[in-house]
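Analysis of the macromolecular model
Next come the chains, spelled out residue by residue.
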There are 4 protein chains.
Amino acid sequence: MIKRFTLPEMGNLWTDLHKKSTWHKVESAGLWAKATMGEFPMDVYDLARKVRITRKVLARADELEKRGDHDLIAFILAVTELLDDMVKPHYHTGLTSFDTEDTALALILRDCLSTILPKLKHLRDVVFERAIEHKYTLQIGRTHFVHAEPITFGFKLLGWVDVLDRHIRKLEDLAVEIGIGKFSGAVGMYTLDPEIERLACEHLGLRPAKISTQIISRDILSHYTATLAAVANSLDRFATEIRLLSGTDICEVAEFKEPGAHGSSAMPCKSELGNPIKSENTCGLARISRGYLTPAFECEVVWCERTLENSAAERIYLPDLSIIIDFMLTRFTKVMHTLVVFPAQMERNIWKTGGMVFAQRVMIALTQKGMHRHEAYDILETLGKKVEHGTFVMPDGSTFRDLVYGDFTIAKLLSREELDDCFDPKTVLKHVDTIFARFVA
Amino acid sequence: MIKRFTLPEMGNLWTDLHKKSTWHKVESAGLWAKATMGEFPMDVYDLARKVRITRKVLARADELEKRGDHDLIAFILAVTELLDDMVKPHYHTGLTSFDTEDTALALILRDCLSTILPKLKHLRDVVFERAIEHKYTLQIGRTHFVHAEPITFGFKLLGWVDVLDRHIRKLEDLAVEIGIGKFSGAVGMYTLDPEIERLACEHLGLRPAKISTQIISRDILSHYTATLAAVANSLDRFATEIRLLSGTDICEVAEFKEPGAHGSSAMPCKSELGNPIKSENTCGLARISRGYLTPAFECEVVWCERTLENSAAERIYLPDLSIIIDFMLTRFTKVMHTLVVFPAQMERNIWKTGGMVFAQRVMIALTQKGMHRHEAYDILETLGKKVEHGTFVMPDGSTFRDLVYGDFTIAKLLSREELDDCFDPKTVLKHVDTIFARFVA
Amino acid sequence: MIKRFTLPEMGNLWTDLHKKSTWHKVESAGLWAKATMGEFPMDVYDLARKVRITRKVLARADELEKRGDHDLIAFILAVTELLDDMVKPHYHTGLTSFDTEDTALALILRDCLSTILPKLKHLRDVVFERAIEHKYTLQIGRTHFVHAEPITFGFKLLGWVDVLDRHIRKLEDLAVEIGIGKFSGAVGMYTLDPEIERLACEHLGLRPAKISTQIISRDILSHYTATLAAVANSLDRFATEIRLLSGTDICEVAEFKEPGAHGSSAMPCKSELGNPIKSENTCGLARISRGYLTPAFECEVVWCERTLENSAAERIYLPDLSIIIDFMLTRFTKVMHTLVVFPAQMERNIWKTGGMVFAQRVMIALTQKGMHRHEAYDILETLGKKVEHGTFVMPDGSTFRDLVYGDFTIAKLLSREELDDCFDPKTVLKHVDTIFARFVA
Amino acid sequence: MIKRFTLPEMGNLWTDLHKKSTWHKVESAGLWAKATMGEFPMDVYDLARKVRITRKVLARADELEKRGDHDLIAFILAVTELLDDMVKPHYHTGLTSFDTEDTALALILRDCLSTILPKLKHLRDVVFERAIEHKYTLQIGRTHFVHAEPITFGFKLLGWVDVLDRHIRKLEDLAVEIGIGKFSGAVGMYTLDPEIERLACEHLGLRPAKISTQIISRDILSHYTATLAAVANSLDRFATEIRLLSGTDICEVAEFKEPGAHGSSAMPCKSELGNPIKSENTCGLARISRGYLTPAFECEVVWCERTLENSAAERIYLPDLSIIIDFMLTRFTKVMHTLVVFPAQMERNIWKTGGMVFAQRVMIALTQKGMHRHEAYDILETLGKKVEHGTFVMPDGSTFRDLVYGDFTIAKLLSREELDDCFDPKTVLKHVDTIFARFVA
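Going along each chain's sequence as written, the residues are numbered from 1 onward. As they are written, the chains are lettered A onward and the ligands numbered 1 onward, keeping that order. Per-residue local features are limited, in this predicted model, to residues with pLDDT of at least 70; the limit for side-chain atom pairs, both in listing and counting, is 80 or more; totals at the level of whole chains, interfaces and linings are taken over all residues.

In terms of helices and strands, chain A carries 20 helices and six strands. Using C-alpha atoms as the atom set, the radius of gyration is obtained and then compared with a globule rule of 2.2 Å times the number of residues to the power 0.38. Against the compact-globule benchmark of 22 Å for 441 residues, chain A has a radius of gyration of 31 Å, which places it well outside the compact range. Once the C-alpha set of chain A is aligned to its principal axes, its extents read approximately 100 × 50 × 35 Å. For the exposure call, what matters is how many other C-beta atoms sit within 10 Å of a residue's own: 20 or more marks it buried, 12 or fewer exposed, and in between partly exposed, using C-beta atoms placed from the backbone. Within chain A, the fraction of its 441 residues that count as buried is 61%. The contacts of chain A with a sequence gap of at least 6 include a subset with a gap of at least 24, amounting to 74%. Secondary structure counts use DSSP, requiring at least four H or I residues in a row for a helix and at least two E residues in a row for a strand, with both numbered from the N terminus. Any pair of residues counts as being in contact when their C-beta atoms, constructed from backbone geometry, are within 7 Å of one another.

Structure below.
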């Protein structure tokens, strides 16, 4: 992934140095298991652990790879050069490349989730806090991007909390599923004793695969990808919402801008108008992450005990996906944490249609007074047609609400107080507490 | 594809009856070619053509298929029962199933394009007409969904014409590419004389494949899919625009509603507010069509002289994609043809920010009077910060424009007339004619 | 989905009749809840339930839809015509279309999973049985499609059981997640009392959504799609394996053919050679199902309290995906249940390279006798180079194994018995019982 | 893209240095156009061109970007610091960021195609040469991965040439389409005179966009992506074929291995058996490239005059896709150029079924002697059933061919010479010259 979208902590998990250090860790765990089984003294393990994987080792491995075209074999050779003679005959013995690679991958992916999952939970907390903050902040609800009925901004955010809660649960399950190692040899039939696999995995904090071929089945990796891409997908929805609500025609929220930030070199007022570039960025990265579903799913379909197509694809999409999700979470959490909200503008927008969004309430009130629903509907629809589309006023400036208050048929059934009640957006708050009570911090 | 999204003309191209009639047409063309080559009298062809593929034939073929699990073989048997004895020994002789199937598919896809391409051109014409109609209808241009500078609505639509023109050219190329038949036998090595292929294809108005295996290479079908999905993709963009512009907060356009149509059973004024459901529908179908890129691309990768995975996938995605694109074009053309445009509202929206969108013009005017660009930028930015976000007015109701007119530093350099000119949205029309002149009806 | 790939039980869940009957069920549950809350007598509910949704009702609804372009409103009107006057004022009152639609969808998807999940478990059982049957059936393991080391065919199948077990667990979780209804009104703020939602959902065997907008969040549906497509993806892998192993050059398995089935009208021996058409079909359908990830993920991204793009897409991909997975499971289970296995051919294939696949074992034996690994590797590699690629014999017919037995350096270290042991494929069975013991029927 | 899959020439096109040098080139072209129009002396242009974009400039731009969060603005500022005072007021004046960025992108993509297209043509030439080389090399054709009828290996390769020819034509068209620049300002309405756009584009060897918004329509980039991914897709098919044919059970081809290359550290004979890792790598990268269809298509759907989602996505997928395709072409061309072919093994495989693949020819010969097709089919099918599946011999070693020669009914109609002719694979060569004649070098 390009540097621009790579945060250091996650980026470090995917460096060549970290990968190969993890390979060494896995190889060492194999030695530990064999020593525990009594194959040789534990000193062999201790001596192996003393070798550190440095940039110098990597350089040597790169040199050797040029000759043999196989990165793990080259790495083993490079490390072996540094190993004590006591260790040399045992290092990687009985293992196949993907014993090391897939077990190391499990460790790296586990660490990725250890980075991502707390960020996801933090985002949930931040959104929940903002939801509480705006629990009673009235806002117009929009369906088809058209004004429908009022909601509160906190209620909108609470819906996101619900989505994030599902993702948290799924990532927790995923973190368990992904934690699988293997030391079962070239075709999974165990060149080494299965007990070595059990011990080595335990040593690494992993479970041994119940069964494997040369590799661990890739359904686990397509699940990893689908689960992370699903998080990105929800962020796409949330960020799209921020983009809609921060448009000049709505102006209900704005991304926080650092003082001194300019929106455009050409347009002096653009920063006031506020381009939601971090949310747009979130949407853009979500598209990339969705694209990785393709290689991830296809890569499960290997032939027989394994073919190698997955290798190239996984070298690309696994780091890229993990890094992007990590970046998106960090960036979008900041957007939400600092989001500027304009409650007065939200309230103004409720009234943009001159009260049309309360027509349903008037209709219900009329039917409760005995008018046929159909008749009530017609009266209100007719009044609604009178105002100009866009301004929602009559030539004389009167609104839908004014028309309702001035309608004789309505006046016969509904008092001014009753009408006031119909047009009171606060009625929407009736069940807000109930809904919020279903969620905990 | 479900009935809801299937128009009769296109749907008919994908019925079992039409498919099998086309198979018969291809088989007959083979007979015609052989007769032309002198293998037997032309009567054989004439007699074959007399057999019509009816529902009864299909029923018989279905019955036979149950025994043998192969739809083309069953069809050949069913037809053979009806053939004159003179024809029987020759019908399908020397052909492999996919000589018939792929050649027939080419004919059907060609007919699909013959339906789709004129609709695409018609959409282009409709959009172009609306563009001409609103060539000078001022509208605010939005970047990041934030007001930027004025454009005209016709200019916006003209951009779509440009996109459609590219699609038209690509579909014309595609219609040529797709027109390929084959009679080259089980593995493409010609059981029959290649001359028969040439003649039969010519008879059908197709070109013979330069080379084939059991099948014609599927790169052509992935190209068909990518080209059609790309059309859907552009419609997705256009329909998204309609959805944005018809939102209550913008109200610049609206889908035409038939008198009597109700937007919502619950909300009496929803039809006035105008849900853009046809545009939403267009976006939804575009998503489906994009999804077909996956099977279309994967289906090219067959093994050796062919494997059968493509068969099931193509039975589904080729009709579904073709039918959807046809439906989308018809529906969205209607949307565009009848689109209600609100020029007065468009003009009002230009002024929603109290003139901030003209700040660049003021800045340029100031620099032309000798002020440093940086200084001009700062003055205007400072004025822009004074008005309230959302209402874009000061507590006393004065706008950005008022502030500019009232600023002493500015007043020293720019006269009232010069400022009037800066704030005149019509200046945007300067190059409109030039741009339009690049397009022809 | 086309009839060819639709099984009746699953197809029935997606008919217009079933959908609208389910709508009526949901509407009735709403009445039950209101009656339970004391809004009106339970008779209202009983009378509503007496109305049956028949084809005649559907026809009437279709007629009404033509006028109003809204299928649920038309349906409500059609049912209302049949309702007792006592019920009329209450039917659908206080509900928005998607209270009914989304709740009904949850019921239908739950039924889909009730069909699919047992089939998935059945496939697991069938594969497990075949794995047990061939627990000790030796077969060459292939990596890179190249012979590696022996496995057993049962071991190969057991790996699939492991994958299926993961899918079963995920579908069980999914069946819980999907079971959510809503009666929360136009924007999720509860026109009706939340208690009605709770009661109505309970009545339907669903949980009430903790929160909803006009609709239930689509992250649940993209999860449904990803989970089902993942099943299809694993079947793709398994079916690909069947296709590879049944190729003429391998001939280790064959799909069972009904007596009388012909492979090709042109090639009389093709049925003996055995085209694996059901497995190819499985792979083809998997491609279609993977394609639905695109609309499913995109459909989560709605604007504000909902936009309608998801509607068209879900009308297509939800039934199509569900029907395909159901079909694939049934078909592929049959393939596995009746799969013809050729153990003798499997054993022959182990020896196809003249014993090269045992070279590692000879190398290990040599090193255990004190030879340097590098030296042993070189000796064996040199011997391996002597035989002809493809036939794997010397001009005199001697094999790699013969060369090893005849090599003086080797003979000095390894006795005939020790070599026999190296070349004994049965050594691979050493840990088979251990691996199988990890799985239960 | 990771270093492993990045070739220097293509990698250099996507460095920050090259991107920003290209920005400077575009800015300079704007100056050239303005000078040509007489806005200022040509010296301004000459002085601007003297400034070179060095790593130091990039470092300065990075520093400035940290403050303002906008890479192009920061770059303009960094360059401006180095510009002669005469140039400063004119550099970037009247341009919007994407005038520079999109025009520079067009130049970079054009250069990508200038790298890719010759490689594609070279691959076509290499495959064509190998096709000519093996024009008459007999090989069994496989359908459903099952032996069908003989072809030649050259014929197989010639089919790939046909596919590559179509891609070449499409890339040539694409290279024209992609060559579009814009200098039309913030919303495409021309802050500058359109003539400046025309001149500047001409200066850069581009065409001016007929119309643009803030950006050039992304349908062009989704077309770029679809066209390149389609090339990768065909390589996927070809590489899959190499992988199948080089499997131990077929052994008809092998990737060339450098002397000293080892296939496996564990298995001494694996290099002889020959893992087709370069072809597997090609397939893996194809999966990644197909995944970029998702962001490419989605990125066309921007709102109004542009939103920014495409930016992040294009920063990733455009270089990654271009670099991968370039790498794949280079690698797979090498595979094809050096591919080891085993004609003797190909011939042996034709006979693997003991002649069953000639059964159709015997059937036709029998019918030509007057036997009913059905009867002939039955006789041959019955004989085919006698041999063992897998070995394709009788217990006594006799083959299908032996059985045919020994069958009395057949013997009555066909002489030994006539049967010899039926079983002569060379008959397949009859039309080979005709097919090859359709292609030119």
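The rest of the description comes next.
Turning our eyes to something else, we now look at the domain arrangement of chain A. All names here are of chain A. Each assigned domain of chain A is listed with its residue range as follows: domain 1 (1–93), domain 2 (97–193 + 213–346) and domain 3 (356–422). One C-alpha centre belongs to domain 1, the other to domain 2; they are set 32 Å apart. Mapped onto the side of domain 1 that touches domain 2, the elements with two or more residues apiece are α1 (8–13) and α2 (16–36). With six residues, the top contributor of residues to the side of domain 1 that touches domain 2 is α2. Charged residues are taken to be Asp, Glu, Lys and Arg, nonpolar residues to be Ala, Val, Leu, Ile, Met, Phe, Trp, Tyr, Cys and Pro, and polar residues to be all remaining types, Gly included. Each residue belonging to the side of domain 1 that touches domain 2 can be placed in one class, and the counts come to ten nonpolar, four polar and three charged. Domain boundaries shown here were taken from an automatic or database domain assignment.

Contact residues are listed per partner, giving 52 residues for chain A and 53 residues for chain C. Secondary structure elements with two or more residues in the side of chain A that touches chain C: β1 (138–143), β2 (146–152), α7 (153–177), α9 (219–245), α12 (293–298) and α20 (432–436) of chain A. Among the elements that line the side of chain A that touches chain C, the one with the most residues is α9 of chain A, at twelve residues.

What follows concerns the interface of chain D and chain A. Taken residue by residue, the interface counts 40 residues in chain D and 40 residues in chain A. For the side of chain D that touches chain A, the secondary structure elements donating two or more residues are α4 (55–68), α11 (277–291), α12 (293–298) and α13 (309–338) of chain D. With ten residues, α11 of chain D is the single largest residue contributor to the side of chain D that touches chain A.

Here the focus is the relation of the copies chain D and chain A. Least-squares superposition of the copies uses the C-alpha atoms of those residues scoring a pLDDT of at least 70 in each of them. In screw terms, the move from chain D to chain A is a rotation of 180° and a rise of 0.0 Å along the axis, fitting with an RMSD of 0.0 Å. Expressed as an axis order, the relation between the two copies is that of a two-fold axis. Distance from the rotation axis, computed per C-alpha, reaches its smallest value in chain D at G291 of chain D: 2.3 Å.

In the superposition of chain A on chain C (RMSD 0.1 Å, axial shift 0.0 Å), the rotation amounts to 180°. A high fraction, 100%, of the interface residues of chain A reappear at the interface in chain C, so the copies pair face to face through one surface.

Residues and elements named next belong to chain A. Across the seven residues that make up β2, a large majority, seven, are buried. DSSP calls a pair of strands paired once it identifies at least 2 bridges connecting them. Bridge analysis of β1 against β2 gives five bridges, and the strand direction is antiparallel. Within β2, the position partnered with L138 by the bridge is T152. With antiparallel pairing between neighbouring strands as the criterion, β1 and β2 make up a hairpin whose turn holds two residues, including H144 at a positive phi of roughly 60°.

This part covers unusual backbone geometry. Residues and elements named next belong to chain C. If you check the backbone angles, F145 has positive phi at about 65° while not being a glycine. Examined against the element boundaries, F145 turns out to sit in the loop between β1 (138–143) and β2 (146–152). Phi is positive for Y190, close to 70°, though the residue is something other than glycine. Mapping Y190 onto the fold places it in the loop between β3 (180–181) and α8 (194–204). For Y190, a count of 23 C-beta atoms within 10 Å gives the class buried.

A separate point is the packing of helix α6 (residues 97–133) of chain C against helix α13 (residues 309–338) of chain C. Residues and elements named next belong to chain C. Running from N to C, α6 and α13 cross one another at 20°; their axes reach a closest spacing of 9 Å. The orientation of α6 with respect to α13, classified from their angle, is roughly parallel. The interaxial crossing formed by α6 with α13 has left-handed handedness. On the side of α6, the interface is formed by C112, T115, I116, K119, L120, H122, L123, V126, V127 and R130, while α13 contributes S322, I325, D326, L329, T330, F332, T333, M336 and H337. For the contact of α6 with α13, the residue count by class is ten nonpolar, six polar and three charged. Whenever a helix is involved, its axis is fitted only over the stretch in contact; in every case the axis is a line through C-alpha atoms, and angles between N-to-C directions fall within 0 to 180 degrees. Oblique is the label for any angle not under 35 degrees, not over 145, and not in the 65 to 115 range, which are roughly parallel, roughly antiparallel and roughly perpendicular in turn. The hand of a helix crossing depends on one turn: near helix anticlockwise from the far one by less than a right angle means left-handed, and clockwise means right-handed.

Bringing the environment of E195 of chain A into the picture now. All names here are of chain A. Structurally, E195 can be placed in helix α8 (residues 194–204). On the basis of neighbour counts, which here come to 16 C-beta atoms within 10 Å, the residue E195 falls in the partly exposed class. For E195 and M37, which are 158 residues apart along the polypeptide, the C-alpha to C-alpha distance reads 8.2 Å.

Do not read the predicted coordinates in detail wherever pLDDT is low. Scored by pLDDT, chain A has a mean of 95; 98% of the residues are at 70 or more. Note on the complex model: pTM 0.97, ipTM 0.96. Values of pLDDT, ranging from 0 to 100, describe the predictor's confidence in every residue of the model.

As a further point, take helix α14 (residues 343–350) of chain C. Because an α-helix completes one turn every 3.6 residues, residues spaced three or four positions apart along the sequence face the same direction. Residue and element names in this part refer to chain C. Of the residues making up α14, those classed as buried are Q345, M346, N349 and I350. Along α14, the residues classed as buried sweep out an arc of 150° about the axis, all on the same side. Close packing links the buried residues of α14 with β1, β2 and α7 (153–177). In this context, the arc is that of the directions from the helix axis out to the C-beta atoms.

Let us now look at the environment of C304 of chain D. All names here are of chain D. Of note, C304 is situated in the loop between α12 and α13. Under the C-beta neighbour-count criterion, C304 is labelled buried, with 26 such atoms within 10 Å. On a C-alpha basis, the gap between C304 and I2 in space is 35 Å, while along the polypeptide they are 302 residues apart.

Let us now look at the environment of G154 of chain C. Residue and element names in this part refer to chain C. Here G154 is to be found in helix α7. Of the residues examined, G154 has 22 C-beta atoms within 10 Å and is grouped as buried. Placed 18 residues apart in sequence, G154 and Y136 show a C-alpha to C-alpha distance of 6.7 Å. When neighbours within four sequence positions are excluded, G154 is seen to be in contact with A131, I132, E133, H134, K135, Y136 and T137.

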